[in-house]
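Letter by letter, the chains look like this.
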Amino acid sequence: MTGSKRSLAALFSGLLFGAGLAVSQMINPQKILNFLDIAGNWDPSLALVMLAALAVSTVGFKWVLHTPKPLLDVQFHLPTSRQIDKRLVLGALVFGIGWGLAGYCPGPGVAAIALGTVEPLVFTAAVIAGFVMHRIADKS
């Protein structure tokens, strides 16, 4: 597949993913924070979104991994490590703490930029800064 076709497929996939995040209100930080606040103003509705995502991805992975190669690439790019180590646990903690503090995680944060407010821009800039700091720290 040519680079332009692959780029169009990536653009379409990203727009579809962003639309799904918007429809499910995953780009609404208050909705997320209410979901995470199980001792207060708990809103369990996002559990249905997560269950639906789990069901779709389970079926999708079972179907896709029975094919010899992906449609838009020459091979699958799957994680090779199955080890739960300190880096994985610390990364998950940082992700969860950031999600709980900001009400955004990276995908919804980027999608929320379309709302035209400052908060998702600040969040996305902080995520990029975190990527850069990690890359610098990982080299030393």
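Scroll up to find the structure this text is about.
Procedures and definitions
- Here the residue index of a chain counts from 1 through its sequence in written order.
- A pLDDT threshold of at least 70 governs which residues receive local features in this predicted model, and a stricter bar of 80 or more applies before side-chain atom pairs are shown or counted, although totals over entire chains, interfaces and linings include all residues.
- Values reported for side chains reflect all heavy atoms of the structure, with hydrogen atoms and water molecules removed beforehand.
- What counts as a helix is a DSSP run of H or I of at least four residues, what counts as a strand is a run of E of at least two, and both are numbered from the N terminus.
- Whether a residue is buried, partly exposed or exposed follows from its accessible area with a 1.4 Å probe, protein chains only, as a fraction of its type maximum: under 20%, in between, or over 50%, in that order.
- Two residues qualify as a contact provided that any one of their heavy atoms is within 4.5 Å of a heavy atom in the partner residue.
- Centres within 6.5 Å are what make two rings of Phe, Tyr or Trp a pair, Trp counting through its six-membered ring; a difference in plane orientation under 30 degrees is then read as stacked, over 60 as edge-to-face, and the rest as tilted.
- A pairing counts as a salt bridge when a side-chain nitrogen of Lys or Arg comes within 4 Å of a carboxyl oxygen of Asp or Glu.
- For cavity detection a 1 Å grid was placed over the protein atoms alone, and a set of points counts as a cavity when a 1.4 Å probe fits there but cannot get out; an open set counts as a pocket when protein lies on both sides within 12 Å along at least five of seven lines, with lining residues being those that have an atom within 4 Å of a point.
- Grid points are joined across faces, edges and corners, and a volume is the space filled by probe spheres set on the points.
- Residues are grouped as follows: Ala, Val, Leu, Ile, Met, Phe, Trp, Tyr, Cys and Pro are nonpolar; Asp, Glu, Lys and Arg are charged; all remaining types, including Gly, are polar.

Draft legend 1. Spatial organisation of the environment of Phe 95. Take Phe 95: it is sitting in helix H4 (residues 86-102). Take Phe 95: its relative accessible area is 42%, and that puts it in the partly exposed class. Taking C-alpha positions, Phe 95 is 16 Å from Phe 35, a pair spaced 60 residues apart along the chain. When near neighbours in sequence (up to four residues on either side) are disregarded, Phe 95 contacts Cys 105 and Pro 106.

Draft legend 2. The arrangement of the packing of aromatic side chains in detail. Counting across every chain of the model gives two aromatic pairs. Arranged with centres 6.3 Å apart and planes meeting at 45°, the rings of Phe 95 and Trp 99 form a pair that is tilted. In this pair, Phe 95 and Trp 99 are both assigned in helix H4, four residues apart and thus about one turn of the helix distant. For Trp 99, a relative accessible area of 14% corresponds to the buried category. With a centroid separation of 5.5 Å and 40° between ring planes, the pair formed by Tyr 104 and Phe 123 is classed as tilted.

Draft legend 3. Spatial organisation of the pattern of salt bridges. Overall, the coordinates contain two salt bridges when judged by the stated rule. Ionic pairing is found between Lys 31 and Asp 43, a salt bridge with its closest N-O pair at 2.9 Å. Taken together, the positions of Lys 31 in helix H2 (residues 29-36) and Asp 43 in the loop between H2 and helix H3 (45-64) put the pair 12 residues apart, joining distant regions of the chain. Like Lys 31, the residue Asp 43 is buried in the burial classification. The salt bridge partner of Arg 87 is Asp 138, with a shortest N-O separation of 3.1 Å. Here Asp 138 lies in helix H6 (residues 118-139) and Arg 87 lies in helix H4, a separation of 51 residues in the sequence.

Draft legend 4. Examining the layout of surface pockets more closely. Put simply, the largest pocket is a space of about 640 Å³. Around the largest pocket, the lining is made up of 18 residues, and of these Gly 91, Val 94, Phe 95, Gly 130 and Phe 131 lie nearest the centre. The set of elements that each furnish at least two residues to the lining of the largest pocket consists of H4 and H6. No other element matches the nine residues that H4 contributes to the lining of the largest pocket. Taken together, the residues of the lining of the largest pocket sort by class into 13 nonpolar, four polar and one charged. Put simply, the second largest pocket is a space of about 360 Å³. What lines the second largest pocket is a set of 14 residues, among which Phe 17, Leu 21, Met 26, Val 49 and Ala 53 lie closest to the centre. Those elements giving two or more residues to the lining of the second largest pocket turn out to be helix H1 (3-23), H3 and H4.

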